[in-house]
Amino acid sequence: MAAQPGGCQKPFHVVSPVLESLPLSKAAGTKVFMKLENVQPTGSFKIRGIGHLCQEAAKKGCRQFVCSSGGNAGVAAAYAAKKLGLPITVVIPSTSGPIPKRKLEELGATVEVYGKAFDDANKRAQELLKTEGSVSIHPFDDPLVWQGHTSLVWELKDSLETKPDAIVLSVGGGGLLAGVVEGLKQVGWQDIPIIAAETQGAHSFHEALKAGRLVTLPDITSVAKCLGAKTVAARALQCAQECQIISQVVEDTEAVGAVEQFLDDERMLVQPACGAALATLYTGRLQRLQREGKLRTPLGSVVVVVCGGGNVNTAHLRALKSQLGME
């Protein structure tokens, strides 16, 4: 069992499998291990950080939670609230679609739909915090969330025989990135380069790196709505000063194509936000980074964080393909 942040209280997440993928290894030209966060109780890595934050808030006497989320974070918060026996209101943007709304209601959350992007929903959530004893559960911009996400790296350290030469992950608001960077420092792996994948139209981290400051996108135009933070956490930008982070932006068609390919290869359906990371491996970007001298040659192994598949089903995948003209 990996070391857990936050002391002896049993966490709400599980130790997720680390499996070698032969199809991804073939596509990437090196051994690829999958960290399967899609098998978490809520369908994504979010339960690590969100669960930790909720547990810590409950210890301090929280009476109810308020969360803004495009989907996965809200589901994680609702799951944690149910476990803790506390009420929760989750504000989701209209672009989240019916799947997360249904899941939230099944978990007993009060759901409010507000605005078109996460940022709109987050403003509304702040207005709901006026009730005494309410605690805000931010999906990605909270040190306790990052602390909870460090458990993923501790598990990698326990599972892998040798240190990987790169970690591939998707970036939305930057919470996973911040947690992985912190975890890498904790286990002494801070020299591992991180390939941070986003989709075009939800690429706020890429724009921030390019500008050297936080950049707010005018709108989220990508179909990967779970990557849809118009501005990343300031901590995500700071991470680029502490570790080697290589930003990669893929097209929506590449992300959705990667989702379909991964379903065929590994018999697991994940969402386009996760497809962004997978697309960097399926489309030869890893080899291009090696040719450019940004990654070592040869690579011993790479870990890809399969971050989640909670907000997708086959009907949704077909609709996305139709929307993008892929059929």
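You'll find the protein chain entered in an unreviewed UniProt entry as L-serine deaminase, with Pachyramphus minor given as the organism. Reading the Sequence similarities (unreviewed entry) entry of the UniProt record for the protein chain gives the comment "Belongs to the serine/threonine dehydratase family."

J.: Help me get a handle on the overall build of the protein chain, residues and values and all.
T.: Of the regular secondary structure elements, the protein chain holds 13 helices and ten strands. Taking 2.2 N^0.38 as the reference for a compact globule, 327 residues should give roughly 20 Å; the C-alpha atoms of the protein chain span a radius of gyration of 18 Å, in line with that estimate. Once the C-alpha set of the protein chain is aligned to its principal axes, its extents read approximately 55 × 45 × 40 Å. Relative to its full complement of 327 residues, the protein chain shows a buried share of 58%. In the protein chain, once contacts between residues fewer than 6 apart in sequence are set aside, the share between residues at least 24 apart is 71%. Summed over its atoms, the accessible surface of the protein chain is roughly 13,000 Å², and 49% of this surface lies on carbon and sulfur atoms. Side-chain charges in the protein chain split into 34 positive and 31 negative, and the spacing between the mean points of these groups amounts to 2 Å.

J.: Tell me what's going on with the pairing of strand E9 (residues 245–250), and back it up with residues and numbers.
T.: Side chains on a regular strand alternate between the two faces of the sheet. The buried count for E9 comes to five of six residues, which makes it a mostly enclosed element. Relative to E9, strand E8 (residues 194–199) runs parallel, the two sharing six bridges. Note that in E9 the partner of Ile194 across the bridge is Ile245.

J.: Before we move on, can you summarise unusual backbone geometry with the specific residues and values?
T.: The omega torsion of the bond from Thr297 to Pro298 falls at -5°, within 30 degrees of zero and hence cis. Of note in the backbone geometry, Arg267 takes a positive phi value of approximately 60° without being a glycine. Position of Arg267 among the secondary structure elements: in the loop between helix H10 (252–266) and helix H11 (272–282).

J.: How would you summarise helix H5 (residues 118–127) if you had to cite specific residues and measurements?
T.: Along H5, the residues classified as buried are Phe118, Asp119, Ala121, Asn122 and Ala125. An end-on view of H5 places all buried positions within 155° of arc, on one side of the element. Residues of H5 that are buried in the fold lie against strand E3 (64–68) and strand E4 (88–92).

J.: I'd like to hear about the confidence of the model for the protein chain, residue by residue, with values.
T.: Overall, the prediction assigns the protein chain a mean pLDDT of 93, with 97% of residues at 70 or greater. Here residues 1–7 is modelled with pLDDT under 50, and outside its nearest four sequence neighbours on either side it reaches 21 contacts, counting other chains as well.

J.: Explain the domain arrangement of the protein chain to me, using residue names and the numbers behind them.
T.: Here the protein chain is described as being made up of domain 1 (18–45 + 143–324) and domain 2 (46–137). On a C-alpha basis, the centroid separation for the pair domain 1 and domain 2 is 24 Å. Between domain 1 and domain 2, the contact holds 29 residues from the first and 23 residues from the second. In this assembly, domain 1 and domain 2 are joined by ten residue pairs in polar contact (both at pLDDT 80 or more). No other element matches the eight residues that helix H6 (residues 143–159) contributes to the side of domain 1 that touches domain 2. For the side of domain 1 that touches domain 2, a count of residues per class yields nine nonpolar, 14 polar and six charged.

J.: Would you mind going over the nonpolar core in detail, with residue names and values included?
T.: If you look at the biggest cluster of nonpolar residues, it comprises 100 residues, and the most contacted ones within it are Phe65, Ile88, Ile167, Leu169, Leu177, Ile245 and Val304. Among the elements that make up this core, the one with the highest residue count is helix H3 (residues 72–84) (eight residues). Formed jointly, this core draws a minimum of three residues from each of two domains, domain 1 (18–45 + 143–324) and domain 2 (46–137). Discounting chain neighbours no more than four positions away, the residues touching Leu177 are Leu169, Val171, Ile194, Phe205, Ala236, Cys239 and Ile245.

J.: Outline the environment of Arg288, listing residues and values.
T.: Of note, Arg288 is situated in helix H12 (residues 285–291). Given a relative accessible area of 36%, Arg288 falls into the partly exposed group. Here Gln248 takes part through its side chain, which lies 3.3 Å from a polar atom of the side chain of Arg288.

J.: How would you explain the pattern of salt bridges if you had to name every residue and give the values?
T.: With the rule as written, the count across this model stands at 18 salt bridges. Residue Glu56 pairs with Lys59 through a salt bridge whose shortest N-O separation is 2.9 Å. Taken together, the residues span about one helical turn, with Glu56 and Lys59 both in helix H2 (residues 46–59) at a distance of three residues. The exposure class of Lys59 is partly exposed, given its relative accessible area of 48%. The salt bridge partner of Lys185 is Glu182, with a shortest N-O separation of 3.6 Å. With a gap of three residues between them, Lys185 and Glu182 both fall in helix H7 (residues 175–187), about one helical turn apart. Residue classification places Lys185 among the partly exposed residues on the basis of a relative accessible area of 34%. Note on Glu182: relative accessible area 29%, which makes it partly exposed. Through salt bridges with shared partners, one network takes in Lys35, Glu37, Arg48 and Glu155.

Rules used in this analysis
Residues numbered from 1 in each chain as written. Predicted model: local features only at pLDDT ≥ 70, side-chain atom pairs only at ≥ 80, totals over all residues. Heavy atoms only, no water. UniProt positions renumbered as here; feature names shortened; annotations may be inferred. Helix = DSSP H or I, 4+ residues; strand = E, 2+ residues; numbered from the N terminus. Rg over C-alpha atoms; globule rule 2.2 N^0.38 Å. Buried < 20%, exposed > 50% of the residue type's maximum accessible area, 1.4 Å probe, protein only. Contact = heavy atoms within 4.5 Å. Areas by Shrake-Rupley, 256 points an atom, 1.4 Å probe, with all protein chains shown as cover. Lys, Arg positive; Asp, Glu negative; His and termini not counted. Charge placed at Lys NZ, Arg CZ, Asp CG, Glu CD. Pairing = 2+ DSSP bridges. Arc of directions from axis to C-beta. pLDDT = per-residue confidence, 0-100. Domains from an automatic or database assignment. Polar contact = N/O pair within 3.5 Å; in protein donor to acceptor, adjacent residues only side chain to side chain. Nonpolar A, V, L, I, M, F, W, Y, C, P; charged D, E, K, R; others polar. Core = buried A, V, L, I, M, F, W, Y, C linked by side-chain atoms within 4.5 Å. Salt bridge = Lys/Arg side-chain N within 4 Å of Asp/Glu carboxyl O.

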